[in-house]
Amino acid sequence: MCGILLVLDRSSKRHSTINFRDGLARRGPDQLDTLQVDSSSATHLQFEASTLQLRGSNKLPAILQDGHGNVLLFNGEIFSGLEVPGGQNDRQCLLEALAACSSVTEVMQRIRGPWTFIYWAAQQQQLWFGCDAIGRRSLLMHAPVGQEDSFMLASVQPDGQQTLPGSTQWQVPM
């Protein structure tokens, strides 16, 4: 189990993530990381994640970022639909597949197993997120209600968030 969180701010105000920290830490005791990214459209993205690493022989950061600036938060397990060689981490294999693909939706629809994901495609300046067809991992969304409010996605629930249905992916162009 992992804990994932994204806070997207379009104003200069930065939303505190302190209400999420305990919940994130309980979802993944191996590591807790934070990464901040500013998009070209003056949007600030704050990623936070914790991991309980079950696969792979090398310990990886909770937030994966490749050399092109693509960022992956993944809460789940890949049973099939994406080749994960022995001793490899499924999150790392997924980041590589997403960075090389022409369709994020096609990659995610092939994956069998329980999962939610948040993926920042840096070159395209697009944010992708979703969950498996059955919705076995939680992904909660808070839509902004005013200009100073933030868009948030999380696998842990503070007040005021709604659960996203399974078998869906969304895209947020910046």
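Here, residues in each chain are numbered from 1, in the same order as that chain's written sequence. Restriction of local features to residues with pLDDT of at least 70 applies here, the model being predicted, together with a cutoff of 80 or more for giving and counting side-chain atom pairs; totals for whole chains, interfaces and linings are based on all residues. Excluded from the side-chain calculations are hydrogens and water; all other atoms, namely the structure's heavy atoms, are used.

**Quick notes on the overall build of the chain**
What counts, and what does not: Helix and strand assignments come from DSSP, with helices taken as H or I runs of at least 4 residues and strands as E runs of at least 2, each series counted from the N terminus. Relative accessibility decides the category of a residue: with a 1.4 Å probe and only protein chains considered, values under 20% of the type maximum give buried, values over 50% give exposed, and everything between is partly exposed. Whether two residues are in contact is decided by their heavy atoms, any of which lying within 4.5 Å being enough.
A count of helical and extended segments in the chain gives 3 helices and 11 strands. Ordering the α and β elements of the chain from the N terminus gives β-α-β-β-β-β-α-α-β-β-β-β-β-β. Buried residues in the chain amount to 53% of all 174 residues. In the chain, the share of contacts with a sequence separation of at least 24, taken over all contacts with a separation of at least 6, comes to 60%.

**Quick notes on the packing of aromatic side chains**
As a reminder of what qualifies: Only rings of Phe, Tyr and Trp enter the pairing, Trp through its six-membered ring, and a pair is recorded when the two centres are within 6.5 Å. The plane angle decides the type: under 30 degrees is stacked, over 60 is edge-to-face, the rest tilted.
Scanning all chains against the criterion turns up 2 aromatic pairs. Taking the centre distance of 5.8 Å and the plane angle of 50° together, the rings of Phe-129 and Phe-151 count as tilted. Of this pair, Phe-129 sits in strand S7 (residues 126–131) while Phe-151 sits in strand S9 (residues 151–154), and the two are 22 residues apart along the sequence. The class of Phe-151 is buried, set by a relative accessible area of 12%.

**Describing unusual backbone geometry**
Even without being a glycine, Gln-125 presents a positive backbone phi close to 55°. Within the secondary structure, Gln-125 sits in the loop between strand S6 (115–121) and S7.

**Here's the deal with the environment of Leu-8**
Relative to the helices and strands, Leu-8 resides in strand S1 (residues 3–9). As for Leu-8 and His-44, which are separated by 36 residues in sequence, their C-alpha atoms are 5.7 Å apart. With residues near it in sequence (within four places) discarded, Leu-8 still touches Thr-43, His-44, Leu-45, Leu-127, Ser-150, Phe-151 and Met-174.

**Considerations on the pairing of strand S3 (residues 44–51)**
The two faces of the sheet receive side chains in turn, since in a regular strand these alternate between them. Quick reminder of the rule: At least two DSSP bridges between two strands are required for those strands to pair.
Most of S3 sits inside the fold, with 8 of its 8 residues counted as buried. Because side chains alternate across S3, one face comprises the buried residues His-44, Gln-46, Glu-48 and Ser-50, and the other comprises Leu-45, Phe-47, Ala-49 and Thr-51, equally buried. Hairpin connection of strand S2 (residues 31–38) to S3: 5 residues between the antiparallel strands, including Ala-42 at a positive phi of 60°.

**Some points on the pattern of salt bridges**
Put simply, the rule is: The rule for a salt bridge is simple: a side-chain nitrogen of Lys or Arg has to be within 4 Å of a carboxyl oxygen of Asp or Glu.
Per the stated rule, a full pass over the model turns up 1 salt bridge. For Arg-137, the salt bridge is made with Glu-77, and the minimal N-O distance between the two is 3.5 Å. Placement of the pair is Arg-137 in the loop between S7 and strand S8 (140–142) and Glu-77 in the loop between strand S5 (71–76) and helix H2 (90–100), with a sequence separation of 60 residues. Residue classification places Arg-137 among the buried positions, given a relative accessible area of 14%.

**Topic: the nonpolar core**
We count it as follows: Only buried residues count toward a nonpolar core. Its members are Ala, Val, Leu, Ile, Met, Phe, Trp, Tyr and Cys residues joined through side-chain atoms within 4.5 Å.
In this structure, Leu-45, Phe-47, Ile-118, Trp-120, Leu-127, Phe-129 and Leu-153 are the most contacted members of the largest nonpolar core, which totals 22 residues. With sequence-adjacent residues up to four places away left out, Leu-127 is seen in contact with Leu-6, Leu-8, Leu-45, Ile-118, Tyr-119, Trp-120, Phe-151, Trp-170, Gln-171, Val-172 and Met-174. Phe-74, Leu-94, Leu-95 and Trp-128 belong to the second-largest nonpolar core, a separate cluster that totals 21 residues.

**Quick word on H2**
The cut-off we apply is this: The definition of a polar contact used here is a pair of N or O atoms within 3.5 Å, where within protein one atom must be able to donate a hydrogen and the other to accept one, and adjacent residues in sequence count solely through side-chain atom pairs.
Every buried residue belonging to H2 is among Asp-90, Arg-91, Cys-93, Leu-94, Leu-95, Ala-97 and Leu-98, and all of these are buried. Elements in contact with the buried residues of H2: S3, strand S4 (64–65), S5, helix H3 (104–110) and S6. Where H2 begins, the side chain of Asn-89 points an oxygen toward the backbone nitrogen of Arg-91, at a separation of 2.7 Å.

**Comments concerning the side chain of Gln-125**
According to the relative accessible area criterion, Gln-125 is buried, its value standing at 18%. Within the structure, the side chain of Gln-125 is placed 2.7 Å from the backbone nitrogen of Ser-40, a separation counted as a polar contact. Among residues more than four places away in sequence, those in contact with Gln-125 are Ser-39, Ser-40, Ser-41, Trp-120, Val-172, Pro-173 and Met-174.

Function cannot be inferred from these measures alone, as they are strictly geometric.
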